[in-house]
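Each chain, written out:
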Amino acid sequence: MADLADELGDQALRDQEALLADPQAALPPELLRRCSNTIQTQFRRQRVRTTTAAVRRKTRPLLRYAAAAIAVISILFTSAVAAMPELRRDMLNFVVQVYEDSTTYSLSGLRPPTPIHEIKAGWLPDGYGLADERTTPMSRTNLYQTDDGKEIEIYVADMSGAGISVDTEDTVVTDIELNGHTVTTIFKKGLDGYGEPYERSVVVWIDQVHSWYIEVSSHDESIETMLQVSEAVTVR
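Below is a summary of the structure that appears in this document. Sequence order as written defines residue numbering, which begins from 1 separately in each chain. Where local features are concerned, this predicted model is filtered to residues with pLDDT of at least 70; where side-chain atom pairs are given and counted, the filter is 80 or more; whole-chain, interface and lining totals use all residues. Hydrogens and water are ignored here; the side-chain numbers use all heavy atoms of the structure.

### Focus on the overall build of the protein chain
Then step 1. Numbering of helices and strands runs from the N terminus, with a helix taken as a DSSP run of H or I at least four residues long and a strand as a DSSP run of E at least two residues long. From N to C terminus, the protein chain includes four helices and 12 strands.
Then step 2. Categorising residues by exposure relies on relative accessible area from a 1.4 Å probe, with only protein chains included: less than 20% of the type maximum marks a residue as buried, more than 50% marks it as exposed, and the intermediate range marks it as partly exposed. Here the protein chain, with 236 residues, has 27% of them falling under the buried criterion.
Then step 3. Residue pairs in contact within the protein chain that sit at least 24 positions apart in sequence constitute 44% of those at least 6 positions apart.
Then step 4. Computed by Shrake-Rupley with a 1.4 Å probe, the accessible areas treat only the displayed protein chains as cover when residues are assessed. Counting only carbon and sulfur atoms, one obtains 56% of the accessible surface of the protein chain, whose full area is about 16200 Å². Contact definition: two residues touch when any of their heavy atoms are within 4.5 Å.

In C-alpha cells:
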C-alpha cells in the first residue's frame, strides 16, 4: 500500500511538471484572476463566520454578566437612596427665589414630611430661658426670653409641602458657611407699624437632609449673637 501511494505521488508530480512546461496548458490570466478572487472571497467568509462565532461565544457571557451587574447596581442604588438621606437630598432641587420685598425658599420633589420632635438651643446669651413652645403639624417654635423682656426665637418648619418666604425688603443680606450649611444672615433696620424704630437680626438655613427650614431671629440681639446661637442649635 505504501509503495502504491509513493508511485501515485511521483506520477502526480510528473504530470504537474509536464503541465507547467506546456505553454498550451496554461490557464488564461482572466480565469486565474477569477479563481483567485473566488478562493479569497470564500476564505474571508469562512474567517468572518469563525470570528463572529467566537465573538458571540465570548460576548454572550459578558452581556449576561453586564445585565446582572446592572440589575445589582440598580438594586443597590435603590436601597442606598432609601437608606441614606444624603442621596435623597442630592436628588432634590433646592430653589431660592429673590423678589423685591422677600426671598422664597423651596424644595422640589415629592417626599414624606419629616417630624420635628424637639429643638435644643445649645448656647444662649446670659439671662435667656425657655419661655414658650409652640407646635403645629408642620412646624415647631421655641421662644426664649430674659427677665427684662428680650427675646430670641427659633423656628423650624417642614418644607415638603410648600415654600417659605422671608422678609428681605430693605435689608442687608449675607451668605456664609456654618456647620456644613450655607446660612443667610438678614439684618433689617426701620420703623414698625407704629412708627417706632426697630431692628431685626435673622439667620436662616435649609437642612436639605430632612427638608427643614430653620430660622433664628431676634429684635434685641446682633447678627453675631444670632450666629453663635445658630451654631449650637440642634433639631431632631
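Now that the structure is up, let's keep going.
### Overview of unusual backbone geometry
Then step 1. The backbone of Asp170 shows a phi angle near 55°, a positive value even though the residue is not glycine.
Then step 2. Along the chain, the position of Asp170 falls in the loop between β7 (164–167) and β8 (171–178).
Then step 3. One non-glycine residue, Ser211, lies in the positive phi region at around 60°.
Then step 4. Mapped onto the fold, Ser211 is located in the loop between β10 (197–207) and β11 (212–218).

### Remarks on the pattern of salt bridges
Then step 1. What counts as a salt bridge is simple: a side-chain nitrogen of Lys or Arg found within 4 Å of a carboxyl oxygen of Asp or Glu. According to the stated counting rule, one finds seven salt bridges in the structure shown.
Then step 2. With a closest N to O distance of 3.1 Å, Glu153 and Arg134 form a salt bridge. Taken together, the residues span a long stretch of sequence, with Glu153 in strand β6 (residues 151–158) and Arg134 in strand β4 (residues 129–136) at a distance of 19 residues.
Then step 3. Of the charged contacts, one joins Asp167 and Lys188 as a salt bridge, the two residues approaching to 2.7 Å between their closest N and O atoms. Residue Asp167 is found in strand β7, and its partner Lys188 is found in strand β9 (residues 181–191); the two are separated by 21 residues along the sequence.
Then step 4. Residue classification places Asp167 among the partly exposed residues on the basis of a relative accessible area of 36%.

### Considering the pairing of β9
Then step 1. Across eight bridges, β8 lies against β9 in antiparallel orientation. Directly across from Leu178, in β9, lies its bridge partner His181.
Then step 2. Between β8 and the antiparallel strand that follows it, β9, lie two residues; Asn179 among them carries a positive phi value of about 55°.
Then step 3. Pairing between two strands is assigned when DSSP locates at least 2 bridges connecting them. Where β9 meets β10, eight bridges bridge the pair, whose relative direction is antiparallel. Within β10, the residue paired with Thr184 across the bridge is Val204.
Then step 4. Linking two consecutive strands that pair antiparallel, namely β9 and β10, is a turn of five residues; a positive phi of about 80° is found at Gly195 within it.

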